[in-house]
Amino acid sequence: MIIDFKMKAPIPSWEPLFNAGKTSVIELFPYLKNEQPTKAVTFEDVIQEMDDRDVRYSVILGRDNEAGSSNEELYQFLQSPEAERFRGFIGLENMTINEAVETIHRYGATGAFSGVTVNPAKILPLTNIDDPTLDPIFEACLAYDLPFCITMSLLISLLSDKPDYDYIHPKRLIPIAKKYPDLKLIVSHAAWPFVDEMIAVAIHFPNIFLVPDFYSGFPNAKAYFEAANSGLEDQVIFGSCYPNVDYDYALGFYQKHLADSDIAGKVFYANAAKLLGISE
């Protein structure tokens, strides 16, 4: 079985967001020019694609509080029978620190969500993730025992108001991981292209987890899997970034580079299940 730790689905009101995601990334990167857009259109199509690839659960990372990508829409979906195979993370985009903390308390108290997520380029005002003014966000996560997923890559930096390589450097996670050892920090995009630096930080902090997602096929990304194969197997997690890329692209690199079945079992399922509280 597989748990996909990063995807979007066409849940009610999110259909335009899902459709836009099919081409937004593959059109942006020449490196993905030969990839075909995800074929799924309906929610039922997505479930079928999950079934065909033995994806038992998927994590939908929230965005913000705006209609069409809101935490409230995700919350309503998570309360429905259709959400049985999905987990949701509270999104903090386009919020001030106070708004982000209030949002965590509002939805954390429902018990419906499994974590918190942020694109650091969308914190208002633009603030380095290791700035102490953000500590209330991490403390709110701990109050509800919610993991914190941060998306870090060059792409995220380029989309910020002040593009800067330094902004998404893995060193930014060191003060957080050190100050909050009980906070599980999940790094979507795995801080590409700072591959070696991200692996080095994760080696020193067992509360940091790497999700290379669509960067798994990019230059130097093989090192993520080499790290998993040589001692970091408890801290690497499968994520597809579907529908930005299709499942076959995402799964292919993980399956190619994780030869040991025990290690693959951890990366594809057990590590994510532990973070999400899935016990089956």
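Residues numbered from 1 in each chain as written. Predicted model: local features only at pLDDT ≥ 70, side-chain atom pairs only at ≥ 80, totals over all residues. Heavy atoms only, no water.

Peer 1: Explain the pairing of strand S9 (residues 208-211) to me, please; I cannot follow it from the model alone.
Peer 2: Along a regular strand, successive side chains alternate from one face of the sheet to the other. The side-chain alternation of S9 yields two buried faces, one formed by Ile 208 and Leu 210 and the other by Phe 209 and Val 211. As paired strands, strand S8 (residues 185-192) and S9 are joined by 4 bridges and run parallel to one another. Among the inter-strand pairings, Ser 188 is bridged to a residue of S9, identified as Val 211. In this fold, the crossover linking S8 to S9 by way of helix H8 (residues 195-204) has right-handed handedness. (Buried < 20%, exposed > 50% of the residue type's maximum accessible area, 1.4 Å probe, protein only. Helix = DSSP H or I, 4+ residues; strand = E, 2+ residues; numbered from the N terminus. Pairing = 2+ DSSP bridges. Right-handed = clockwise from strand over helix to strand, strands pointing away.)

Peer 1: Just checking my understanding: could you explain the pattern of salt bridges for this structure?
Peer 2: When their charged atoms lie close together, side chains carrying opposite charge are able to pair. Summed over all chains, the structure comprises 9 salt bridges. The partner of Arg 106 in a salt bridge is Glu 102, and the shortest N-O contact between them spans 2.5 Å. Taken as a pair, Arg 106 and Glu 102 lie in helix H4 (residues 97-108) at a separation of 4 residues, close to a single helical turn. Given a relative accessible area of 40%, Glu 102 falls into the partly exposed group. Asp 130 is paired through a salt bridge with Arg 172; the nearest N and O atoms lie 3.2 Å apart. Here Asp 130, found in the loop between strand S6 (123-124) and helix H5 (135-143), pairs with Arg 172, found in the loop between helix H6 (154-158) and helix H7 (174-179); they are 42 residues apart in sequence, far enough to count as distant. Among the charged side chains, a network of salt bridges with common partners joins Asp 130, Asp 166, Lys 171 and Arg 172. (Salt bridge = Lys/Arg side-chain N within 4 Å of Asp/Glu carboxyl O.)

Peer 1: How should helix H9 (residues 222-232) be read in this particular structure?
Peer 2: Since there are 3.6 residues in each turn of an α-helix, residues three or four apart along the chain are aligned in direction. Here H9 has its buried residues at Ala 223, Tyr 224, Phe 225, Ala 227, Ala 228 and Leu 232. The elements touched by buried residues of H9 are S8, H8, S9, helix H10 (247-257) and helix H11 (261-276). (Contact = heavy atoms within 4.5 Å.)

Peer 1: Sorry, what's going on with the side chain of Lys 6 here?
Peer 2: Within the secondary structure layout, Lys 6 lies in strand S1 (residues 2-7). Not counting residues up to four positions away in its chain, the partners in contact with Lys 6 are Val 59, Leu 61, Thr 151, Ser 188, His 189, Asp 213, Gly 239, Ser 240, Cys 241 and Tyr 242.

Peer 1: For this particular structure, what's the right way to read unusual backbone geometry?
Peer 2: One can expect most non-glycine residues to show negative phi and most peptide bonds to be in trans. The peptide bond linking Leu 124 to Pro 125 adopts the cis configuration, its omega dihedral lying at -10°. With respect to the secondary-structure elements, Pro 125 resides in the loop between S6 and H5. Geometrically, the link from Trp 192 to Pro 193 is a cis peptide bond, its omega value of 15° lying close to zero. In this fold, Pro 193 is placed in the loop between S8 and H8. Despite not being glycine, Asn 220 shows a phi value in the positive range, around 75°. In this fold, Asn 220 is placed in the loop between S9 and H9.

Peer 1: Looking at this structure, I do not really get the UniProt feature "domain: Amidohydrolase-related" (unreviewed entry) in the chain. What am I missing?
Peer 2: Per the UniProt annotation, the sites labelled "domain: Amidohydrolase-related" (unreviewed entry) are residues 82-278. Regarding residues 82-278, the helix share stands at 41% and the strand share at 16%, and the terminal C-alpha atoms are separated by 17 Å. (UniProt positions renumbered as here; feature names shortened; annotations may be inferred.)

Peer 1: I keep staring at the environment of Pro 120 and nothing clicks. Help me out?
Peer 2: Structurally, the position occupied by Pro 120 is in the loop between strand S5 (115-118) and S6. Through-space distance from the C-alpha of Pro 120 to that of Gln 235 is 21 Å; in sequence the pair is 115 residues apart.

Peer 1: How do you make sense of H5 when you look at a structure like this?
Peer 2: Considered for burial, the residues of H5 that qualify are Asp 135, Ile 137, Phe 138, Ala 140 and Cys 141. Packed against the buried residues of H5 are H4, S5, strand S7 (148-153) and H7. Of the residues one or two after H5, Asp 145 is the one with positive phi, at around 55°.

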